[in-house]
Amino acid sequence: MDSPRQCKNLNREPKRSQNQSSTPPQKDAYARLLSQHSSSRFSQYLEQYARDTSFQREGNGPSSLLKVQSDRLNIPQRKRDQVPNDFSDSSDFSPSSMKSRGEESSLSLYMEKLSNRNAQQDYERKQGVPDRQRRGQRRDTTASHDGDIESGEELGSLKAHESKKHQKPQKKNKDSKEADSFAGRPQSPNKAGTSGQEQDNMLKSKKKNLPKHTEEEKSRDGTQMSRPKSPHGKDKKLLQPRASSANSPADKSKNKGGRGSKKQVFESYMTFEEVSHGLKRGELIQGQLRINPKKYHEAFIPSPDDMRDIFLDGIVARNRALNSDVVVVKILPREQWKVVRSDTDCEGASESESQRENTAQKKTACTPGRDLIVEDQCSDQDEVIRKVENITLTDTGEPLENPSNPRSNGEILQKTAKVVYIVEKKHSRAATGFLKFLQDKPFAMFSPVDHRVPRINVPLADCPEDFSSRPGDYANTLFICRIINWIAESNFAEGRLAKTLGQAGEIEPETEGILLEYDVDFSEFSDEALDCLPKNLPWTIPPEEMTKRKDFRKECIFTIDPATARDLDDALSCKQLPDGNFEVGVHIADVSYFVEEGNSLDAVASRRATTVYMVQKAIPMLPRLLCEELCSLNPLSDRLTFSVIWKITPEGKILNEWFGRSVIRSCVKLSYDHAQSMIEAPDKMFSAEELPPVAPEHPIDEIHQAVLNLHSIAKNLRAQRFSGGALRLDQLKLSFTLDKETMMPQGCYVYQYRDSNKLVEEFMLLANIATAHHIYRRFPDLALLRRHPPPKAKLADELQELCDQLGIDIDLSSAGALHKSLNATLGDDEYTTARKEVLTHMCSRPMQMALYFCTGFLKQENLFKHYALNVPLYTHFTSPIRRYADIIVHRLLASSLSCGPSLGLTTAEVQKQASHCNDKKTLSKRVQELSSELFFGVFVKECGPLDSEAMVMGVLDQSFDVLVLRYGVQKRIYCKSVVGLDSFHHRKVGKKSELTLVWMPEDQKKPQVEQVISIFTLVEVQLKADGAPMKYSAVLKRPEGSGS
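Residues numbered from 1 in each chain as written. Predicted model: local features only at pLDDT ≥ 70, side-chain atom pairs only at ≥ 80, totals over all residues. Heavy atoms only, no water.

Let us look at the overall build of the chain. Check the secondary structure of the chain and you find 27 helices and 35 strands. Sorting the 1044 residues of the chain into buried and exposed places 62% on the buried side. (Helix = DSSP H or I, 4+ residues; strand = E, 2+ residues; numbered from the N terminus. Buried < 20%, exposed > 50% of the residue type's maximum accessible area, 1.4 Å probe, protein only.)

Per the counting criterion, the structure on display carries 38 salt bridges. In this structure, Arg281 engages Glu283 in a salt bridge whose closest nitrogen and oxygen atoms are separated by 3.0 Å. Classification of Arg281 as exposed rests on a relative accessible area of 54%. Note on Glu283: relative accessible area 44%, which makes it partly exposed. Put simply, Asp309 and Arg290 hold a salt bridge, and the shortest N to O gap is 2.5 Å. With a gap of 19 residues between them, Asp309 in the loop between strand E4 (298-301) and strand E5 (310-313) and Arg290 in strand E3 (residues 290-291) connect regions that are remote in the sequence. Per residue, the accessibility class of Asp309 equals that of Arg290, and both read buried. (Salt bridge = Lys/Arg side-chain N within 4 Å of Asp/Glu carboxyl O.)

Quick look at the side chain of Thr559 now. Along the chain, Thr559 turns up in strand E16 (residues 557-561). Not counting residues up to four positions away in its chain, the partners in contact with Thr559 are Leu568, Asp570, Ala571, Leu633, Ser666, Val668, Lys669 and Leu670. (Contact = heavy atoms within 4.5 Å.)

Across its 13 residues, helix H26 (residues 884-896) extends 19 Å between first and last C-alpha, which sits within 8% of the 18 Å expected from 1.5 Å per residue. Buried residues dominate H26, accounting for 13 of its 13 residues. Just past H26, the residue Ser898 takes up positive phi, approximately 60°. (Expected span 1.5 Å × (residues − 1).)

What follows deals with the packing of helix H21 (residues 700-723) against helix H22 (residues 755-778). At their nearest, the axes of H21 and H22 sit 9 Å apart, and the two run at 65° to each other. Put simply, H21 runs roughly perpendicular to H22. Where H21 crosses over H22, the handedness of that crossing is left-handed. Within the contact between the two elements, H21 uses Val707, Leu710, His711, Ile713, Ala714, Leu717, Arg718 and Arg721 and H22 uses Asp755, Lys758, Leu759, Glu761, Glu762, Phe763, Leu765 and Leu766. (Axes fitted to C-alpha atoms, helices over the stretch in contact; angles between N-to-C directions. Parallel < 35°, antiparallel > 145°, perpendicular 65-115°, else oblique. Left-handed = near helix turned anticlockwise from the far one by under 90°.)

A few words now on the pairing of strand E25 (residues 745-750). When strand E24 (residues 734-738) meets E25, the two strands line up antiparallel, connected through five bridges. Residue Leu738 lies in a different strand from E25, and its bridge partner there is Pro745. Joining the antiparallel neighbours E24 and E25 is a turn of six residues, in which Met743 adopts a positive phi near 60°. (Pairing = 2+ DSSP bridges.)

Applying the stated rule across the entire model yields zero disulfides. Just so you know, Cys481 is unpaired, no disulfide at all, and the nearest cysteine sulfur is the one on Cys463, 9.1 Å from it. (Disulfide = S-S within 2.5 Å.)

This next bit is on the nonpolar core. The biggest cluster of nonpolar side chains holds 98 residues, and the ones touching the most others in it are Phe558 and Phe763. The dominant element in this core, judged by the number of residues it contributes, is H22, at ten residues. Not counting residues within four places of it along the chain, the set of residues in contact with Phe558 comprises Ala571, Leu572, Ser666, Cys667, Val668, Leu670, Ile703, Ala706, Val707 and Leu710. Among the nonpolar cores identified, the runner-up in size contains 45 residues, and Ile507, Ile514, Phe960 and Val1021 belong to it. (Core = buried A, V, L, I, M, F, W, Y, C linked by side-chain atoms within 4.5 Å.)

So, on to the packing of helix H20 (residues 672-680) against H21. Orientation of H20 relative to H21, taken along the N-to-C sense of each, is 80°, at an axis distance of 9 Å. When the axes of H20 and H21 are compared, the pair comes out roughly perpendicular. Contacts from Ala675, Met678 and Ile679 of H20 reach H21 at Ile703, His704, Val707, Leu708 and His711. Across the contact of H20 with H21, the residue classes break down as six nonpolar, two polar and no charged. (Nonpolar A, V, L, I, M, F, W, Y, C, P; charged D, E, K, R; others polar.)

Before going further, it helps to spend a moment on a negative patch on the surface. Together, Asp797, Glu801, Asp804, Asp809 and Asp811 make up a region of like negative charge exposed at the surface. Checked against the element boundaries, Asp811 lands in the loop between helix H23 (793-806) and helix H24 (815-822). (Patch = residues over 30% accessible without salt bridge, like charges linked within 9 Å, V, L, I, M, F, W, Y side chains within 5 Å. Areas by Shrake-Rupley, 256 points an atom, 1.4 Å probe, with all protein chains shown as cover. Lys, Arg positive; Asp, Glu negative; His and termini not counted. Charge placed at Lys NZ, Arg CZ, Asp CG, Glu CD.)

The peptide bond linking Leu537 to Pro538 adopts the cis configuration, its omega dihedral lying at 0°. Structurally, Pro538 is set in the loop between helix H15 (527-530) and helix H16 (543-546). Here the bond from Gly944 into Pro945 is cis, since omega is 0°, no more than 30 degrees from zero. By secondary structure assignment, the location of Pro945 is in the loop between helix H27 (907-943) and strand E28 (946-955).

What follows is about the sheet that holds strand E17 (residues 570-576). Strands sit in the order E15-E22-E21-E18-E17-E16-E23 across an open sheet of seven strands; the sheet is mixed. The open sheet is flanked by strand E15 (550-551) and strand E23 (669-671), the only strands paired with a single partner. Here E16 pairs with E23 via three bridges, running parallel. Within E23, the residue paired with Asp561 across the bridge is Ser671. The strands that H22 touches are E16, E17, strand E18 (582-589), strand E21 (638-648) and strand E22 (654-665); relative to E17, the one it contacts most, it runs at about 95°.

Attention now moves to the confidence of the model for the chain. When pLDDT is averaged along the chain, the result is 76, and 68% of the positions lie at 70 or above. In the predicted structure, residues 187-260 sits below a pLDDT of 50 and forms 224 contacts with residues beyond four places in sequence or in another chain. Predicted confidence for residues 342-401 stays below pLDDT 50, and this span has 233 contacts to residues more than four positions away or in other chains. (pLDDT = per-residue confidence, 0-100.)

Each regular strand carries side chains that alternate between the two faces of the sheet. Counting buried positions over the eight residues of strand E32 (residues 992-999) gives six, a clear majority of the element. In this sheet, E32 lies alongside strand E31 (residues 981-989) in antiparallel orientation, the contact comprising eight bridges. Opposite Arg987, over in E32, you have Glu994 as the bridge partner. Hairpin geometry of E31 and E32 is characterised by an intervening segment of two residues between the two adjacent antiparallel strands and by a positive phi of about 60° at Gly990. Of the pairings in the sheet, the one linking E32 to strand E33 (residues 1009-1013) comprises five bridges and is antiparallel in character. Its bridge partner lying in E33, Leu997 is registered against Gln1011.

It is worth spelling out the sheet that holds E3 at this point. Strand order in the open sheet formed by three strands is E3-E4-E5, and the pairing between neighbours is antiparallel. Looking at strand neighbours, the two that pair on one side only are E3 and E5, the edges of this open sheet. Alignment of E4 against E5, held across four bridges, turns out to be antiparallel. Pairing of Glu298 across the sheet is with Asp313, part of E5.

Of note, Met743 is situated in the loop between E24 and E25. Once the C-alpha coordinates of Met743 and Gln616 are considered, the two residues, 127 residues apart in sequence, prove to be 6.7 Å apart. Apart from the residues lying within four places of it in its own chain, the contact partners of Met743 are Gln616, Leu738 and Phe935.

Turning next to helix H25 (residues 832-844). Taking 1.5 Å as the rise per residue, H25 with 13 residues should run 18 Å; its terminal C-alpha atoms sit 18 Å apart, in good agreement. Burial runs high along H25: ten of the 13 residues are buried. Within H25 the residues assigned to the buried category are Ala834, Arg835, Glu837, Val838, Leu839, Thr840, His841, Met842, Cys843 and Ser844. Considering only its buried residues, H25 is in contact with H23, H24, E28, strand E29 (959-964) and strand E30 (969-974).

In the structure shown here, the tally under the stated rule is 17 aromatic pairs. A ring pair is formed by Phe300 and Phe311, whose centres lie 5.4 Å apart and whose planes are at 50°; its orientation type is tilted. You can see Phe300 sitting in strand E4 and its partner Phe311 sitting in strand E5, a full eleven residues away along the chain. Under the relative-accessibility criterion, Phe300 is labelled buried at 1%. (Phe/Tyr/Trp six-rings, centres within 6.5 Å; stacked < 30°, edge-to-face > 60°.)

Let us look at the side chain of Ser592. Among the secondary structure elements, Ser592 is positioned in helix H17 (residues 591-594). In this structure the side chain of Ser592 is engaged in a polar contact, spanning 3.0 Å, whose partner is the side chain of Asp590. Engagement of the side chain of Ser592 in a polar contact is seen with the side chain of Arg661, the distance being 3.1 Å. Setting aside residues no more than four positions away along its own chain, Ser592 makes contact with Arg661, His890 and Arg891. (Polar contact = N/O pair within 3.5 Å; in protein donor to acceptor, adjacent residues only side chain to side chain.)

Moving on, we get to the environment of Arg778. Considering the arrangement of structural elements, one finds Arg778 in helix H22. Sequence separation between Arg778 and Ser895 is 117 residues; the distance between their C-alpha atoms is 9.2 Å.

Below you can see the structure in the form of structure tokens.
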């Protein structure tokens, strides 16, 4: 979701430096320059010039002298804006170069430009023009029109002649302080009427409203964007200052230094000692940086008081930190905090609610198998940082203030901050993107696809040999670049090209780019790592190992997995006992037998931490010999396992349990489809042709009956879990059918979660819970568990308020209450499932992410709880082939049972590995999502356009999000891009947001048709490929009855 502060008009409070009073007038640019110059004669000249300029500025609007001079010199409007932030880096401006442009001296013109620039900047700071508006919108020509850059796949670079097109939306933006506000006419943005007083206000502020172009924006492609015109139809109240927003941390340093010195764009970092003391005293806050993928100038870190996130406004406030970095921030003075309106919004609280946490990247729900993507706040610095980290983990951080209570005018203050130190650079510093040739420069400009990454200067020596002579040949070539340095004096990072990937838009180059950018190691395993594996193949279990294990090879044991799975790490067994109870077993591949702690293979696995699944392939954590052969529980093969055996009643009551190392021989590899067929046909006699090969000693009917018994017990266990207060948030998952030769998508479908999936999940959960209790009892300071914190209270309260206003009876008081209310009927028609999906998405916003942790690191046992499962202890034990955390748990379990060595890790080392596993799990999930988006983009391009019904999931003030029902994808539709729309306006009462779209009739004799857009509204959309490779848009179709 977008973040709440994308107000496109002047509605923010003045930005002030920390020691600056709000009452004295802004110090003039020339006065500042004067104080830095030593020549007394020059000082007198400047002093007089400053007085003249100050007098003119105090008059009726900006200096007419400056305007006359500019007009007389015939300076194009674009050039009047073009004073760069860093004169020493600029190739298109110097005082002497301006002499031939008119009658004024170079000094006069130089001062005039400075005056014009500073008048504009000072005014914008006072009026709160957002950073992004001052810079001009950073958007590439090949980007999809819906601006969906969440996947980091926006491509291309801005062309000079297209800059006006990209600025056009800014002409139309409105800021409204009323609950009902006119938002714009998509096809004719300049036709909005203006009153005489409004026009007068616009004339007075015309000069002051110039957009701010930073060095970064000016040089996106070596060309500066043209200036957008002032918005039309502004309300007079727009010009009144409001509570201030964050001040850039480098404001004071921007104008330091005498003539010829290079300005400092970013503040220098604090020393480690200063940071340590600041954290101890509570003056600084540590957290993981999250940059809004759709509004890259907005960033957040979690607040220790669990209230609204702390807001970082612009790249200067981020101080060279990148997304996911662990940073230390300093809270800015209260008068510089950001205003969030609680009753009505501009693109602040409406066009985003991205201060509602990490919803932009959240695609999956908080379920045992699929955890929400939020931040892990762990770090592995020194003891001081770890102490602070522990405070953050335990949620005991004391709030500096509580600004969240609404003020008398309904506004809420959100804390703002600036980065003063980077604790850990968790971002890979790698990016995919495109090269731009710069004339007469020893370097090329690398433009990352992900706008959250800065542009990078790359030595020409790194570029292809003929790049300088034929740069056009590489316009659509995708490169990988790594940042190697980013100095405080430059908006641009320095980097080196790592690799040429290939043509943008092709699946394999795009896939490789995703893997490199998200730091996924897909290299071949080293000889040192492979040397840790058995040499004599085919491998057999040594006789001495057999004597140490319980032998289950004669039992009816089988696997149930996706049809294409090759790494089979869990198997099930179910045997009825004479007393009517059942002996149920969960058997997990004994990976820790092959991966010994501390060897080369263990080192590689611990770094990779997880297998990464993409649409067309998997990047394994372990060598394929282990994943697919030695450890995989393949049918009709003896395999080493860790087993949990329960004696359990038919109702699901556990009578006793046993843990131990074992040997099994799976009798059949069932797919979920096979198991589902058995569940749905309990009386059917399945033939051998209907199933995969089955061990002759176990009749098909025996396997069928075991599946039915497991299903019956699983249903009871599941019912007990949910009646006991568990929660499951299911969200739609897109799956693909691929051409076996080309691996291109042939079709796609929404994955169905059925009883066979639930059967396996239930027993995996049971095994994980049992293992968690076992290892925590034995190792209270060393156990690696998994906790899930409750939803953020503030966000849950806001969701409750919204649901109340929508008339939805939802109970957020506990996980169980939420589950029950989510499963209450939302209507009784064909769209009931769609409504539940939309509501599930809304409920996922306040959720936090489940995290691995070491019990000795987090002392408070009440914080161990898993919110969604509603259990006190939980861990991961059942997937050691693909998760390194499970290998550590296996080692702890073996040690506790005296069938393996003691774990050779300290509490701090287990916590460090847990933190790393959290990071890699988050990255893995994001890669999986990007892979799915990539393939669906190809599918739309090859098979589209695709028509579907869609249901509105969220309404902002100039756009709305929809769930495309046929494909389960979510897209944003921008009102300004809707063809055939005459106008639209936004209305918000409390938390309920509504858009009214006014359609132009196709027959001019017919009246206009209004379409109301609110949550749960059904609309018709068409998915169409964009000009950019792999990108597609959702186009809103004209409602029926609005045509002729």
